[in-house]
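Structure at a glance
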Amino acid sequence: MVLASPNPIKNERIIPNELPTVDLKAERSEVTKLIVKACEEYGFFKVINHGISNETIAKTEEAGFSFFGKPVTQKKLAAPAYGSKNIGFNGDVGEVEYLLLNATTHSIAQISKSISSDFSSTLSAYAEAVKKLACEILELIAEGLGVPDTWVFSRFIRDADSDSLLRLNHYPPMPIINAHCKDNNMPFNYTKVAFGEHSDPQILTILRSNDVGGLQISLQDGVWVPVNPDPSAFYVNVGDVLEVMTNGRFVSVRHRAMTNSYTSRMSMAYFGAPPLHACIVAPPIMVTPQRPSLFRSFTWADYKKATYSLRLGDSRIELFRKCKEIE
């Protein structure tokens with residue numbers, strides 16, 4: 001499903017206290033072990049004691065809500081960074097408006113000219129903070145996997161030509177729709193899909209939202225699990241590139257966002273990505289006779305182009321599995 005008309009939420013369950021939580025101030029060997037386990041089993045976890053100040057977070061949320069609270073005519077001045085309803089280039093739509101920026105100080109400054117004088121410094125500070133967190137997590141991952149070069153993943157994000165993005169999504173409140181079950185004519189409530197099922201194509205996503213629910217992740221058994229917001233935490237998604245670079249050991253988590261009935265939700269996502277020319281391939285230690293290479297090598301530019309040609313919900317990472325390679 002991409003993003004059709006609203007349907008009742010099916011195959012959903014809440015698993016309290018089971019989604020992994022990693023305290024970055026805990027003993028290092030335990031942290032690396034927990035992160036690797038979470039990436040293998042869920043492709044998703046949350047981090048606490050992450051080192052990003054409450055002031056940095058609060059200023060960014062305030063700046064985001066201030067922007068989305070402007071009249072549409074003013075928000076459209078930030079186009080093409082600003083968009084509403086349309087997701088991507090292939091007909092996907094959702095109950096969302098967004099601001100999509102290259103996560104560099106220069107790019108943010110250029111867009112900020114049409115927004116406000118302090119918008120640039122606020123978002124630049126936030127982008128740098130989450131970039132630092134992403135690099136720290138990627139280096140912990142490399143250490144936990146036993147990769148000798150612990151910068152093997154983070155080097156892509158640290159590169160001056162990194163294609164990393166910062167995206168602010170705003171989901172206006174949507175009233176609950178009452179319907180009747182055909183079988184017993186009993187009423188039930190359901191909410192609309194605001195941003196359809198997908199995985200993130202980049203390396204790693206660092207995500208947080210205001211204290212409003214809406215995010216759901218898909219487990220391997222097809223069950224959608226709502227993720228309860230935690231104002232003290234950041235959430236981490238494994239992306240397609242990291243699945244490739246771990247030779248399929250990690251899971252690129254599929255997720256979606258639902259509308260909230262009562263209040264606005266805003267999420268802030270940092271997508272850590274390689275430079276366009278970067279060659280994506282698993283480090284030698286991740287490829288063994290028992291676990292041969294699952295993917296052919298490709299550049300980030302190739303993969304980005306391929307993902308942009310698909311719709312939400314389409315399988316993306318399969319494009320570069322070795323079995324699909326044309327000799």
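Residues numbered from 1 in each chain as written. Predicted model: local features only at pLDDT ≥ 70, side-chain atom pairs only at ≥ 80, totals over all residues. Heavy atoms only, no water.

Attention now moves to the overall build of the protein. Helix and strand counts for the protein stand at eight helices and 16 strands. Out of the 327 residues in the protein, the part that is buried amounts to 53%. Sequence separation of 24 or more characterises 74% of the internal contacts of the protein that already satisfy a separation of 6 or more. (Helix = DSSP H or I, 4+ residues; strand = E, 2+ residues; numbered from the N terminus. Buried < 20%, exposed > 50% of the residue type's maximum accessible area, 1.4 Å probe, protein only. Contact = heavy atoms within 4.5 Å.)

Below, the discussion takes up the packing of helix α1 (residues 28–41) against helix α5 (residues 119–145). Between two packed helices, both the angle of their axes relative to each other and the distance between the axes serve to describe the pair. Where α1 contacts α5, the two axes come as close as 8 Å, and the packing angle between them is 90°. The angle between α1 and α5 falls in the class roughly perpendicular. Packed against α1, whose contacting residues are R28, V31, T32, I35, V36 and C39, the element α5 presents L140, I141, E143, G144 and L145 at the interface. When the residues that make up the contact of α1 with α5 are grouped by side-chain class, the tally is seven nonpolar, two polar and two charged. (Axes fitted to C-alpha atoms, helices over the stretch in contact; angles between N-to-C directions. Parallel < 35°, antiparallel > 145°, perpendicular 65-115°, else oblique. Nonpolar A, V, L, I, M, F, W, Y, C, P; charged D, E, K, R; others polar.)

Take the nonpolar core next. In terms of nonpolar packing, the biggest core is built from 71 residues, with L99, I141 and I206 touching the most fellow members. It is α5 that provides the largest number of residues to this core, a total of 15 residues. With residues near it in sequence (within four places) discarded, L99 still touches F67, F68, A78, A81, Y82, I115, F119, L166, R167 and L168. If you look at the next biggest cluster of nonpolar residues, it comprises 15 residues, including L207, V223, V227 and V253. (Core = buried A, V, L, I, M, F, W, Y, C linked by side-chain atoms within 4.5 Å.)

So, on to the confidence of the model for the protein. The predicted model of the protein averages 87 in pLDDT, with 87% of residues at 70 or higher. Confidence over residues 179–190 falls short of pLDDT 50; this stretch has 22 contacts with residues more than four positions distant or in other chains. Overall, residues 323–327 carries pLDDT values under 50, and its contacts beyond four positions in sequence, including any with other chains, amount to three contacts. (pLDDT = per-residue confidence, 0-100.)

On to the environment of K33, then. Along the polypeptide, K33 turns up in helix α1. Separated by eleven residues in sequence, K33 and V22 have C-alpha atoms that sit 9.9 Å apart.

Turning our eyes to something else, we now look at the pattern of salt bridges. Here the structure, examined in full by the defined rule, presents 15 salt bridges. Note that E30 and K33 form a salt bridge whose closest N and O atoms lie 3.9 Å from each other. You can see E30 and its partner K33 sitting in helix α1, three residues apart, about one turn around the helix. Using a relative accessible area of 34% as the deciding quantity, one classes E30 as partly exposed. (Salt bridge = Lys/Arg side-chain N within 4 Å of Asp/Glu carboxyl O.)

The next subject is unusual backbone geometry. Most of the time, phi is negative for any residue but glycine, and the peptide bond is trans. A79 connects to P80 through a cis peptide bond whose omega is 10°. Tracing the chain through its elements places P80 in the loop between α3 (72–75) and β3 (82–87). For N247, which is not glycine, the phi torsion reads 55° and is therefore positive. Position of N247 relative to the elements: it lies in the loop between α7 (240–245) and β13 (254–258).

All right, on to the sheet that holds β13 then. Reading across from one edge, β8-β13-β10-β11 is the order of the four strands in this open sheet, with antiparallel pairing throughout. The open sheet has two edge strands with one neighbour each: β8 (193–198) and β11 (224–226). Neighbour to neighbour, the strand axes of the sheet diverge by 20° on average, direction disregarded. Here strand β10 (residues 215–218) runs beside β11; their pairing, made up of three bridges, is antiparallel. Directly across from Q216, in β11, lies its bridge partner P226. (Pairing = 2+ DSSP bridges.)

Relative to the assigned elements, Q216 resides in strand β10. Along the chain, Q216 and M258 lie 42 residues apart, while their C-alpha atoms are 7.6 Å from each other. For Q216, the side chain forms a polar contact with the side chain of R256, separated by 2.7 Å. (Polar contact = N/O pair within 3.5 Å; in protein donor to acceptor, adjacent residues only side chain to side chain.)

Every buried residue belonging to helix α8 (residues 300–308) is among W300, Y303, K304, A306 and T307, and all of these are buried. One side of α8 carries all its buried residues, which in axial view fall inside an arc of 165°. On its buried face, α8 is in contact with α7, β15 (279–280) and β16 (298–299). (Arc of directions from axis to C-beta.)

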